[in-house]
Amino acid sequence: MKFTKSFDAPNPIPEKGIRNAIKLMENGMLYRYGHVDNDITFDDDDPAHANESEVSKLELAFSQYTGHKYVVAVNSCGSAMFIALKAMGIQPGDKVFTNGFTFTAVPSSIVHANAIPVYLECNDQYVVDLDHFKEQIKQQPDVKYFILSHMRGHVAELDKIQALCDENNIRLIEDCAHGLGKRWNAEDHDNNFVGHHCEIACYSSQSHKMLNSGEGGFIATDDKQLAAYCILAAGSYEQLYKKHLSRPADDALFENIKFEVPNFSLRMNNLTAAILRPQIDLIDERIASYKEKHDRLIELLTGIEHIFIPEAVDNAEHVGDSLQFNLVDFSNDNVNDFVSRCADKGVKIQIFGIDDNARDFRNWQYSFDETPDLENTADIIACACDLRLPMTFTLEDIELIGTIINEVIDDMSLPSSVKLKKQSI
Ligand SMILES: *Cc1c(COP(=O)(O)O)cnc(C)c1O
């Protein structure tokens, strides 16, 4: 029995996006602040926006989806986080809390701003450990920024983190690279997405995320001052801010600071926006499809000895374009054996804490002199499996993946009682 589909298949670009991209290439209007031809609109576009660029229309559509007042499109989520820190006034040598378990782009954005990441432990739900956060606030009262990463869509206890940040004057940024469409407190409210507990939320449209444009990112905020800074810093000069549909209306906000804000040239271009815009309408559909398959795979893996599936924190609704689980009572050799047996059967599983994985904090050497002491995080990522679940997978595929994992564990004939490693979660 072998699984043959690719675990790396990105989401395809909708027909509408392809058509618009071709039009743009034919007339060369790729620069977001360039001349706009009335032609380049979808049939169902608002006629009032006929003279707006693709990027500007995308920003508006994105803001309408997430419910933020202002959105700026940039070239990546890493750039979005960098600009967010700059907008908040970060200075060289400032410290920034962030997850010990996340992707290397997060601490890199902090280093890019000449600041220093302070890493927080991850708990067995794969999110920031609140007790460790509280302890660190006490020990390092000079840390006044926090990029909270919803790594692989695992959302921490947002209300409590926000309250702690408020009490301690810590400015919060949410890394929503994997947070688009994820709800907080879904039962109480209609449109309560993550990304609203902070001052600035940052998103990605890199190919492995909910929206696919190869590369791309968004900065979203309700604060008009921060929005003006971000628009200018992303690369809007002179009076080009006027070509933004999703911006604060007051020109003075821009005029007052525009000679003080560097132009980092991190803009998104129209081609990227053209292929993204029709995907906004597909987010809810994609979420439903991911969720069905993710939930089924959890059912199939639940109860298997040696597999621990982290539960979402109360109020967080999980959307699964990937699944994570931990191997319990596995030695390093067992872990490697498991991964290679699964790979032999076509099921590609990544371990976060092995080799050169970019999600292993020990590999972020550019950000510290001494490896941070994150014992829990190290334990968890040593046995944490990451399984991408692309849109191309069907429910039947999920059944097969579940069966293969089950069989591999069986075949390994592991003694059930043995405690081979320190870890027990
Ligand atoms: C992908 C990712 C990013 C970075 O996104 P880019 O658009 O590639 O810069 C940041 N955080 C997390 C958790 C990610 O998975």
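Residues numbered from 1 in each chain as written. Predicted model: local features only at pLDDT ≥ 70, side-chain atom pairs only at ≥ 80, totals over all residues. Heavy atoms only, no water.

**Points about the site of the ligand**
For the ligand, the set of nearby residues contains 17 residues, the closest of which are Cys77, Gly78, Asp175, Ser204 and Lys209. In the environment of the ligand, an oxygen atom lies 2.8 Å from a nitrogen or oxygen atom belonging to the backbone of Gly78. Contacts to the ligand include Ser204, whose side-chain N or O atom sits 2.7 Å from an oxygen atom. Protein chains bury 92% of the 380 Å² of accessible surface belonging to the ligand in isolation. If you map the ligand onto the pockets, it falls in the largest pocket. Counting residues per element, the ones that place at least two in the shell around the ligand are helix 3 (77–87) and helix 4 (105–112). Of the residues forming the shell around the ligand, the biggest block, 3 residues, is contributed by helix 3. (Near = heavy atom within 4 Å. Polar contact = N/O pair within 3.5 Å; in protein donor to acceptor, adjacent residues only side chain to side chain. Areas by Shrake-Rupley, 256 points an atom, 1.4 Å probe, with all protein chains shown as cover. 1 Å grid on protein atoms, 1.4 Å probe; cavity = no way out; pocket = protein on both sides within 12 Å on 5 of 7 lines; lining within 4 Å. Sits in = over half its atoms within 2 Å of the grid points. Helix = DSSP H or I, 4+ residues; strand = E, 2+ residues; numbered from the N terminus.)

**Focus on the packing of helix 11 (residues 332–344) against helix 13 (residues 395–411)**
At a minimum axis separation of 10 Å, helix 11 and helix 13 run at an interaxial angle of 135°. As the angle between them shows, helix 11 and helix 13 are arranged oblique. In the crossing of helix 11 with helix 13, the sense of the turn from one axis to the other is right-handed. Contact residues: helix 11 offers Phe338, Arg341 and Cys342, while helix 13 offers Ile405, Val408, Ile409 and Asp411. A per-class count over the contact of helix 11 with helix 13 returns 5 nonpolar, no polar and 2 charged. (Axes fitted to C-alpha atoms, helices over the stretch in contact; angles between N-to-C directions. Parallel < 35°, antiparallel > 145°, perpendicular 65-115°, else oblique. Left-handed = near helix turned anticlockwise from the far one by under 90°. Contact = heavy atoms within 4.5 Å. Nonpolar A, V, L, I, M, F, W, Y, C, P; charged D, E, K, R; others polar.)

**Quick look at the pairing of strand 9 (residues 322–327)**
Among the 6 residues that make up strand 9, 6 are buried, leaving the element largely enclosed by the rest of the structure. Alternating positions in strand 9 separate into two faces, Ser322, Gln324 and Asn326 on one and Leu323, Phe325 and Leu327 on the other, with burial throughout. Direction of pairing for strand 8 (residues 307–308) relative to strand 9: antiparallel, over a ladder of 2 bridges. Within strand 9, the position partnered with Ile307 by the bridge is Leu327. Strand direction decides the pairing type here: strand 9 and strand 11 (residues 384–388), joined by 5 bridges, are antiparallel. The residue bridging Gln324 from the neighbouring strand is Asp386, located in strand 11. (Buried < 20%, exposed > 50% of the residue type's maximum accessible area, 1.4 Å probe, protein only. Pairing = 2+ DSSP bridges.)

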